Amino acid sequence: MNPTNHFDERAKTWDSDPVKIARALAVADGIRRNVPLSPATRALEYGCGTGLLSFALLPHLAHITLADSSPGMLTVLSDKLAAAQVTNMRPIELDLVTDPIPPERYELIYTLMTVHHVEDTDKLLRDLFALLTRPGYLCVADLDAEDGSFHGPAFLGHKGFDREDIGRKARDAGFRKVDFTTVFQMTKRDSPGQTEFPLFLMVAEK
Ligand SMILES: C[S@@+](CC[C@H](N)C(=O)[O-])C[C@H]1O[C@@H](n2cnc3c(N)ncnc32)[C@H](O)[C@@H]1O
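The name given to the protein chain in an unreviewed UniProt entry is Class I SAM-dependent methyltransferase, with Candidatus Methylophosphatis roskildensis as the source organism.

Visitor: Got a minute to help me understand the overall build of the protein chain in this structure?
Guide: Within the protein chain, the regular secondary structure consists of six helices and seven strands. In the protein chain, the succession of helices and strands from N to C terminus is α-α-β-α-β-α-β-β-α-β-α-β-β. For the protein chain, whose C-alpha radius of gyration is 16 Å, the value lies close to the compact-globule estimate of 17 Å for 206 residues. By its C-alpha atoms, the protein chain is 45 × 40 × 35 Å across when sized along the principal axes.

Visitor: It is not clear to me how the environment of Asp 15 should be interpreted in this structure. Could you clarify?
Guide: Here Asp 15 lies in the loop between α1 (4-10) and α2 (18-34). Among the residues examined, Asp 15 registers 17 C-beta atoms within 10 Å and is labelled partly exposed. Linking Asp 15 and Ala 145, residues 130 residues apart in sequence, is a C-alpha distance of 26 Å. In this view, Asp 15 contacts Ile 21, Thr 50 and Leu 52; residues no more than four positions away in its chain are not counted.

Visitor: What should I look at first to understand the sheet that holds strand β4 (residues 106-112) in this one?
Guide: The pairing of strands in a sheet happens through backbone hydrogen bonds and is either parallel or antiparallel. Strand order in the open sheet formed by seven strands is β3-β2-β1-β4-β5-β7-β6, and the pairing between neighbours is mixed. Edge positions in the sheet fall to β3 (89-93) and β6 (177-187), since each of these pairs with one other strand and no more. In this sheet, neighbouring strand axes are inclined to one another by 15° on average, regardless of whether the strands run parallel or antiparallel. Here strand β1 (residues 42-46) pairs with β4 via three bridges, running parallel. Of the residues in β4, the one forming a bridge with Leu 44 is Ile 109. Sheet contacts for helix α4 (residues 71-84): β2 (63-68) and β3; angle to β3, the most-contacted strand, approximately 165°.

Visitor: Help me understand the nonpolar core, please; the structure alone is not making it clear to me.
Guide: A general tendency of soluble globular proteins is for nonpolar side chains to be buried together. Counting 57 residues, the largest nonpolar core has Val 27, Ile 109, Leu 138, Cys 139 and Ala 141 as the members making the most contacts within it. With seven residues, strand β5 (residues 132-143) is the single largest residue contributor to this core. Setting aside chain neighbours within four positions, we find Ile 109 in contact with Ala 43, Leu 44, Tyr 46, Leu 128, Leu 131, Leu 132 and Leu 138.

Visitor: Teacher, can you tell me more about the UniProt feature "domain: Methyltransferase type" (unreviewed entry) in the protein chain here?
Guide: The UniProt record annotates "domain: Methyltransferase type" (unreviewed entry) at residues 44-137. Structurally, residues 44-137 is divided into 32% helix and 29% strand, and its ends, taken at the C-alpha atoms, are 11 Å apart.

Visitor: Looking at this structure, how should I read the pairing of β2?
Guide: Along any regular strand, the residues point their side chains to alternate faces of the sheet. The buried fraction of β2 amounts to five of the six residues, a majority that puts the element mostly inside the structure. Judged from the five bridges that link them, β2 and β3 form a sheet pairing that is parallel. When the bridges of β3 are listed, Asp 68 appears paired with Glu 93. Taken together, β2, α4 and β3 form a β-α-β motif whose crossover is right-handed.

Visitor: Explain the site of the ligand to me, please; I cannot follow it from the model alone.
Guide: Not every one of the 22 residues close to the ligand is listed here, only the nearest: Phe 7, Gly 47, Gly 49, Ser 69 and Ser 70. For the shell around the ligand, the secondary structure elements donating two or more residues are α1, α2 and α3 (52-57).

Visitor: Is there a simple way to think about the packing of helix α5 (residues 121-130) against helix α6 (residues 163-173) in this case?
Guide: When two helices pack together, their arrangement is given by the angle between the helix axes and the distance between those axes. Closest axis-to-axis distance for the α5/α6 pair is 9 Å, and the angle between their directions is 50°. When the axes of α5 and α6 are compared, the pair comes out oblique. In the packing of α5 onto α6, the handedness of the crossing is right-handed. Contacts between α5 and α6 involve Thr 121, Asp 122, Leu 125, Arg 126 and Phe 129 from the former and Ile 166, Lys 169, Ala 170, Asp 172 and Ala 173 from the latter. Grouping the constituent residues of the contact of α5 with α6 by class yields five nonpolar, one polar and four charged.

Visitor: I would appreciate a short explanation of unusual backbone geometry in the present structure.
Guide: Looking along the chain, the bond that leaves Arg 134 and enters Pro 135 is cis, with omega of 0°. Of note, Pro 135 is situated in strand β5. Look at Gln 85: it is not a glycine, yet its phi comes out positive at around 55°. Residue placement: Gln 85 occurs in the loop between α4 and β3. Non-glycine residue Met 113 carries a positive phi angle of around 55°.

Calculation rules
- Residues numbered from 1 in each chain as written.
- Predicted model: local features only at pLDDT ≥ 70, side-chain atom pairs only at ≥ 80, totals over all residues.
- Helix = DSSP H or I, 4+ residues; strand = E, 2+ residues; numbered from the N terminus.
- Rg over C-alpha atoms; globule rule 2.2 N^0.38 Å.
- Buried ≥ 20, exposed ≤ 12 C-beta atoms within 10 Å, placed from the backbone.
- Contact = placed C-beta atoms within 7 Å.
- Pairing = 2+ DSSP bridges.
- Axes fitted to C-alpha atoms, helices over the stretch in contact; angles between N-to-C directions.
- Core = buried A, V, L, I, M, F, W, Y, C linked by C-beta atoms within 7 Å.
- UniProt positions renumbered as here; feature names shortened; annotations may be inferred.
- Right-handed = clockwise from strand over helix to strand, strands pointing away.
- Near = placed C-beta within 6 Å.
- Parallel < 35°, antiparallel > 145°, perpendicular 65-115°, else oblique.
- Left-handed = near helix turned anticlockwise from the far one by under 90°.
- Nonpolar A, V, L, I, M, F, W, Y, C, P; charged D, E, K, R; others polar.

This is the structure:
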């Protein structure tokens with residue numbers, strides 16, 4: 001599954017959707033409530049898109065590396081960083097499905113609505129575990145298990161995640177403490193099936 005071209009096309013208008021902005025702010029609040037952040041914390045966002053979540057967390061962190069596989073998303077993000085004259089956020093092109101694990105390590109890794117695009121969840125969780133310092137925290141915000149109406153029939157990724165199942169995968173990857181909260185709810189009134197789509201925040205401790 002390679003969603004990159006799809007996201008390249010959507011990058012320019014991504015920030016004009018108020019739901020995406022509200023979602024990122026709600027997840028940032030959830031992370032702040034559930035993870036001890038300090039002005040010295042160095043973080044990685046995986047699947048950052050245009051950086052909505054990282055801009056919300058930046059006042060609480062020292063430095064953020066923002067990784068995405070879509071050059072289009074990274075171009076929009078770089079333009080935003082230049083406009084805001086931010087120097088402690090660094091965009092990188094990274095796809096852990098095909099790229100080796102970079103050498104840097106982070107005290108915090110977070111990812112929003114990205115894990116369902118990656119086929120091999122077990123490998124991704126192992127890679128993110130390897131990218132963390134010890135102690136370190138992984139925050140995954142994603143859809144709860146859904147009936148497929150969120151993306152429609154052509155979508156090849158995961159139809160959300162069962163919390164127990166992804167929690168077990170996180171423990172299998174090495175995480176020792178895994179907790180869940182509900183951080184946001186999306187509504188799709190024109191959906192042919194399910195119309196309410198809750199988002200969980202999984203906080204996994206290394
Ligand atoms: C639904 S968007 C979410 C973007 C952002 N997190 C947000 O909530 O606004 C999913 C993002 O994950 C990125 N993505 C998908 N598969 C990826 C992969 N294998 N590696 C890195 N990024 C990926 C896409 O390019 C896209 O920017």
